[in-house]
Protein chains: 2
Amino acid sequence: MVDIASRVYNHNFKIDPIVRSLIDTDFYKLLMCQSVFRNKPDTTVVFSLINRSTKVRLADLIDESELREQLDHVRSLSLSRGESTWLRGNTFYGKRQMFRSDFMQWFENLRLPPYHLEKVDGQYELTFEGAWPEVMMWEIPALAVLMELRSRAVLKGMGRFELQVLYARAMTRIWEKIERLRQLEHLRIADFGTRRRHGFLWQDWCVQAMQEGLGRKFTGTSNCRIAMRRDIEAIGTNAHELPMVYSALADSDAELAQAPYQVLADWHEEHDGNLRIMLPDTYGTEGFLKRAPDWLASWTGIRIDSGDPATGAENAIRWWKERGEDPSKKLVIFSDGLDVDTIEQLYARFHGRVKVSFGWGTLLTNDFRGLVPEDGLAPFSLVCKAISANGRPTVKLSDNPNKAMGPADEIARYKRVFGVGDQTARDVVV
Amino acid sequence: MVDIASRVYNHNFKIDPIVRSLIDTDFYKLLMCQSVFRNKPDTTVVFSLINRSTKVRLADLIDESELREQLDHVRSLSLSRGESTWLRGNTFYGKRQMFRSDFMQWFENLRLPPYHLEKVDGQYELTFEGAWPEVMMWEIPALAVLMELRSRAVLKGMGRFELQVLYARAMTRIWEKIERLRQLEHLRIADFGTRRRHGFLWQDWCVQAMQEGLGRKFTGTSNCRIAMRRDIEAIGTNAHELPMVYSALADSDAELAQAPYQVLADWHEEHDGNLRIMLPDTYGTEGFLKRAPDWLASWTGIRIDSGDPATGAENAIRWWKERGEDPSKKLVIFSDGLDVDTIEQLYARFHGRVKVSFGWGTLLTNDFRGLVPEDGLAPFSLVCKAISANGRPTVKLSDNPNKAMGPADEIARYKRVFGVGDQTARDVVV
């Protein structure tokens, strides 16, 4: 077992670069990348880092040359032979050869494209521009690099035993969460915490603790490298970037209204079973469900990633019933800002009514709240999003206006096209 | 830094025997051994293990063959060259060549004598018989072996992460104690926890945590091997076995009454400064001080190891004043069943009035109370004592009748000779 405290104390770039592999990323990135590679390979996109927690002044905390060093290291990575073999040969979601040969060949030759980095007002402006399938692969490593450099900056200067006790406290906290979750008899929960993890070693520890503590209730991790190394399931489906970019590419309001469904039509062609999970909130869940084509009702489930999760699930249940589907056969995956309390509440409310599953992110892999002075290790809300596609701005509305993105006039147009009315704002913690 | 949880999980006899060196023992054992080697080399003694916590049924918990294996391993140990060099060349208590050449030569050839082991009523009867200087060296390793085998028995079958969290909790607890102790500005405290430690690796961790957390307030460890390896002071003076054996050897009541002072007269010849610490409670502190020769009042200090510690210190202060000594120049070492609360209270009461120092034992190196079901790792009161010398039983009265030892008629005789009246019983936890 890795002695995290000592490794953190001794941090050595050669032993512990932050991102150590191209597949130290979320599984859904690979699925989406393959889909993009097939359906929209020539789209030019810009991804940009956005720190929603402006009071965390990253550029004051993190040394620019250290950041460049880590980002340059990410650019030096390529798929290793073992990783390629695993992706080609492993069974994902019960399916062999999930990744097609042409995609794998492209991926084997992939190096991440250049980045653009500037300091602006205490923050880093970090952007990536280029072909969509390449640029999109920056999202997770960019976030992980910034999150971990921030952790390292705060930990620097702590004593060896002080550090070990810090990790002891964090381990105890996670374990107490696991002990509570163990009580939920039919729980199904996965790690979704790569992007905003405290650090790689720490995520790896958390995943293994979940594995030991929860047994079969732990369904897997979104992190491909950890899934491969620990021989557990890689988990994930698709994300907002698909409807956001498809929508930006739409040439008319009519096309825009159809774009989110076009994403899922493309997905429908490629995937079945537990990969047919819709993510309905990009432009408001209510309107999305109302206007959804009938074939979507036959999909396996839904992922609730913004807004009040219970309301979201209730709406989905009602919608399935309206479309003549049996909700008890449907999968509802909660993945927004979860912690044990919310998991327990949602499980109690929905277990038996639907198949419930949880994608637990930041408060699994980065819960150091209250453990250092001034709460310097508290997680914060950093994202890396597609902000334009072929020169047109992207828009996200979400079910929480605090998660909305895009130019004001475009937000207004999207609200009109998707018929989004009043929304309830919710704090975005992570 | 050692990953204790993994080592515990993987326990492998070759990597982690319980006692790994002849100097994995208390420093005062070596000082006393040298004294015995010089003054009473031909005394035959019997040492015996006594489990005062009879509800901990050691013979049910610990496998006899594992116990024999560990004890046999101790018998296979001899002083290594590096250890010998350290003992010969190091400065102890500011003095070079603390250990004389004839003693070192003897020690370099020492192998521990045979043991006698039997199961009786759920306990192990473990005795050692032979020449005093050889047999006395069994005390600490015998205790450490039994304590750690009991820990290992309880930990067996725990998962890797469960174990790591157990140690995380224990580390957090120790660190919180250290954080409280750090507040005591002029604190002086040493580790006295070898004999009843949870395990060797754990003691080593605790000592290093004290070193980092307390800095100069941490004055050293009683454990010679750890002192050597971690380059810190080895701490200790003398113990009850000296007056107990000297007293058993006395041929008359008059000689008996003088025996405890004879011990200190021999000590006086050999040592000065901070090694002149009297341990007055073997046959009752009150009478000991009353009848003490005047030269003893000039000694550097006193160790309070039974009875109410505040009362013991007050009595010593009064006695010093009566003998015309300035108590503020005297050292009072508290060493009985300490934990942070008592340390804080005693510090608050005596700091400034005397020089206060603490020898912190079991609740430093073995505080796993409440961390496993049925409190299976709670420390318990195991001792290994001289029970006879040249065929005569030894007696200890102590300031706490629950710590008394010896045949009833001999106890009565000692009480008469030493004028011990009513005593207050105190629970013996550790």
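Residues numbered from 1 in each chain as written. Chains lettered and ligands numbered in written order. Predicted model: local features only at pLDDT ≥ 70, side-chain atom pairs only at ≥ 80, totals over all residues. Heavy atoms only, no water.

A. Quick look at the overall build of chain A. Counting its secondary structure elements, chain A contains 18 helices and 11 strands. Computed over its C-alpha atoms, the radius of gyration of chain A comes to 21 Å, within 12% of the 22 Å expected for a compact globule of 430 residues. C-alpha extents for chain A along the principal axes are approximately 60 × 50 × 45 Å. Here chain A holds 430 residues, and the buried ones make up 62% of them. Long-range contacts, defined here as pairs at least 24 residues apart, represent 78% of the contacts in chain A between residues at least 6 apart. (Helix = DSSP H or I, 4+ residues; strand = E, 2+ residues; numbered from the N terminus. Rg over C-alpha atoms; globule rule 2.2 N^0.38 Å. Buried < 20%, exposed > 50% of the residue type's maximum accessible area, 1.4 Å probe, protein only. Contact = heavy atoms within 4.5 Å.)

B. Examining the UniProt feature "domain: Nicotinate/nicotinamide phosphoribosyltransferase" (unreviewed entry) in chain A more closely. If you check UniProt for "domain: Nicotinate/nicotinamide phosphoribosyltransferase" (unreviewed entry), the listed places come out as residues 188-421 of chain A in our numbering. Within residues 188-421 of chain A, the helical portion is 40% and the strand portion 14%, while the C-alpha atoms at the span's ends are 34 Å from each other. (UniProt positions renumbered as here; feature names shortened; annotations may be inferred.)

C. Looking closely at the relation of the copies chain B and chain A. For these two chains of identical sequence, chain B goes onto chain A by a turn of 180 degrees and a shift of 0.0 Å along the axis, with RMSD 0.0 Å. The two molecules are tied by a two-fold rotation axis, judged by turn and shift. Among all C-alpha atoms of chain B, that of Ala168 of chain B lies closest to the rotation axis, at 2.0 Å. A share of 100% of interface residues in chain B that are also interface residues in chain A marks the association as one of identical surfaces. (Least-squares fit on C-alpha atoms with pLDDT ≥ 70 in both.)

D. Main features of the sheet that holds strand β10 (residues 382-389) of chain A. Residue and element names in this part refer to chain A. Strand order in this open sheet of five strands is β2-β3-β1-β10-β11, and the pairing throughout is antiparallel. With partners counted over all chains shown, the strands left at the sheet margins are β2 (115-120) and β11 (392-393), one partner each. Contacts from helix α12 (residues 241-249) reach β1 (44-51), β10 and β11 within the one sheet, and its direction differs from that of β10 by about 25 degrees. (Pairing = 2+ DSSP bridges. Axes fitted to C-alpha atoms, helices over the stretch in contact; angles between N-to-C directions.)

E. Seen up close, the side chain of Lys177 of chain A. All names here are of chain A. Relative to the helices and strands, Lys177 is located in helix α9 (residues 160-181). Here Asp339 takes part through its side chain, which lies 3.0 Å from a polar atom of the side chain of Lys177. Filtering out sequence-adjacent residues up to four positions away, Lys177 remains in contact with Asp339, Val340, Trp360, Leu363, Asp367 and Arg369. (Polar contact = N/O pair within 3.5 Å; in protein donor to acceptor, adjacent residues only side chain to side chain.)

F. Summary view of the packing of aromatic side chains. Residues and elements named next belong to chain B. In total, this model carries 54 aromatic pairs over all chains according to the counting rule given. A centroid spacing of 6.2 Å and a plane angle of 15 degrees characterise the contact between Phe27 and Tyr93, whose relative ring orientation is stacked. Taken together, the residues span a long stretch of sequence, with Phe27 in helix α2 (residues 27-39) and Tyr93 in the loop between α5 (81-89) and α6 (101-108) at a distance of 66 residues. Overall, the relative accessible area of 0% leaves Phe27 in the buried class. (Phe/Tyr/Trp six-rings, centres within 6.5 Å; stacked < 30°, edge-to-face > 60°.)

G. Summary view of the pattern of salt bridges. The tally for this structure, following the rule as stated, stands at 72 salt bridges over all chains. Across the salt bridge formed by Asp60 of chain A and Arg57 of chain A, the nearest N and O atoms sit 2.7 Å from each other. Here Asp60 of chain A falls in the exposed class, since its relative accessible area comes to 54%. Close ionic contact of Asp26 of chain B with Arg195 of chain B constitutes a salt bridge, the shortest N to O distance being 3.1 Å. Note that Asp26 of chain B is positioned in the loop between α1 (4-10) and α2 and Arg195 of chain B in the loop between β4 (189-191) and α10 (200-214), a separation of 169 residues in sequence. Looking at Asp26 of chain B, the relative accessible area reads 4%, which means it is buried. For Arg195 of chain B, a relative accessible area of 14% corresponds to the buried category. Here the salt bridges do not stand alone but share partners, grouping Asp26, Lys29, Glu139, Arg195 and Glu241 of chain A into one network. (Salt bridge = Lys/Arg side-chain N within 4 Å of Asp/Glu carboxyl O.)

H. Structural detail: the packing of α5 of chain B against α6 of chain B. Residues and elements named next belong to chain B. Relative orientation of the contacting elements α5 and α6 amounts to 165 degrees, with a least axis distance of 11 Å. Between α5 and α6, the angle is such that the two are roughly antiparallel. Handedness of the crossing formed by α5 with α6: right-handed. Contact residues: Ser84, Leu87 and Arg88 in α5; Ser101, Met104, Gln105, Phe107 and Glu108 in α6. The residue makeup of the contact of α5 with α6, split by class, is three nonpolar, three polar and two charged. (Parallel < 35°, antiparallel > 145°, perpendicular 65-115°, else oblique. Left-handed = near helix turned anticlockwise from the far one by under 90°. Nonpolar A, V, L, I, M, F, W, Y, C, P; charged D, E, K, R; others polar.)

I. Structural context of the environment of Leu346 of chain B. Residues and elements named next belong to chain B. Along the polypeptide, Leu346 turns up in helix α17 (residues 340-350). You can call Leu346 buried: its relative accessible area is 6%. For the pair formed by Leu346 and Val356, sequence separation is 10 residues and the distance between their alpha carbons is 8.4 Å. Once residues lying within four places of it in the same chain are set aside, the contact partners of Leu346 are Pro309, Ala310, Phe334, Leu338, His351 and Phe358.

J. View of the interface of chain B and chain A. In this complex, chain B contributes 21 residues to the contact, which on the side of chain A involves 21 residues. For the pair chain B and chain A, the two sides together bury roughly 2,200 Å², of which 60% comes from carbon and sulfur. Across the contact surface, chain B and chain A share four salt bridges. For the pair chain B and chain A, the number of links is 12 residue pairs in polar contact (both at pLDDT 80 or more). (Buried area = accessible area lost by both parts, 1.4 Å probe.)

K. Structural context of α12 of chain A. Counting buried residues in α12 of chain A gives nine out of nine residues, a clear majority hidden from the surface. Among the residues of α12 of chain A, Glu241, Leu242, Pro243, Met244, Val245, Tyr246, Ser247, Ala248 and Leu249 of chain A are the ones counted as buried.

L. Region of the structure containing the state of the cysteines. Residues and elements named next belong to chain B. Counted according to the given criterion, the structure contains zero disulfides over all chains. Unpaired in this structure, Cys224 has its nearest cysteine sulfur neighbour in Cys33, at a distance of 11 Å. For Cys384, which is in no disulfide, the shortest distance to another cysteine sulfur is to Cys33 and amounts to 14 Å. (Disulfide = S-S within 2.5 Å.)

M. View of the pairing of strand β3 (residues 123-131) of chain A. Residues and elements named next belong to chain A. By the bridge criterion, five bridges tie β1 to β3 in an arrangement that is antiparallel. Counterpart to Val45 in the pairing with β3 is Gly130. Bridge analysis of β2 against β3 gives six bridges, and the strand direction is antiparallel. Residue pairing in the sheet places Val120 in a bridge with Gln123 of β3. Connecting β2 to the antiparallel partner β3 that follows it, the hairpin turn spans two residues, and Asp121 within it adopts a positive phi of roughly 55 degrees.

N. The UniProt feature "domain: Nicotinate phosphoribosyltransferase N-terminal" (unreviewed entry) in chain A, seen in detail. UniProt records the feature "domain: Nicotinate phosphoribosyltransferase N-terminal" (unreviewed entry) for residues 23-146 of chain A in the present numbering. Helix makes up 48% of residues 23-146 of chain A and strand makes up 19%, while its end C-alpha atoms are separated by 18 Å.

O. Representation of the pairing of strand β9 (residues 355-360) of chain B within the structure. Residue and element names in this part refer to chain B. Burial within β9 is extensive, with five of its six residues counted as buried. The pairing of β4 with β9 spans three bridges and is parallel. Note on β9: the bridge partner recorded for Ile189 is Phe358. Pairing analysis gives four bridges linking strand β8 (residues 331-334) to β9, with the strands arranged parallel. Bridging across to β9, Val332 finds its partner in Val356. With α17 bridging β8 and its parallel neighbour β9, the resulting β-α-β unit is right-handed. (Right-handed = clockwise from strand over helix to strand, strands pointing away.)

P. How the structure looks around unusual backbone geometry. Residues and elements named next belong to chain A. One non-glycine residue, Asp121, adopts positive backbone phi at about 55 degrees. The exposure class assigned to Asp121 is exposed, which follows from its relative accessible area of 65%. Non-glycine residue Asp375 carries a positive phi angle of around 50 degrees. We classify Asp375 as partly exposed; its relative accessible area is 34%.

Q. Examining the environment of Val340 of chain A more closely. Residue and element names in this part refer to chain A. In this fold, Val340 is placed in helix α16 (residues 340-350). Taking the relative accessible area as the measure of exposure, Val340 reaches 2% and is therefore buried. In this structure Val340 touches Lys177, Arg180, Leu181 and Trp360, once residues within four positions along its chain are discounted.

R. Examining the sheet that holds strand β8 (residues 331-334) of chain A more closely. All names here are of chain A. Across the sheet, which stays open at both edges, the six strands sit in the order β5-β4-β9-β8-β7-β6 with parallel pairing between neighbours. Looking at the sheet topology across the chains shown, the edges are occupied by β5 (218-221) and β6 (277-278). Of the strand pairs in this sheet, strand β7 (residues 301-304) and β8 are connected by four bridges, and their pairing is parallel. Across the sheet, residue Arg303 finds its bridge partner in β8, namely Ile333.

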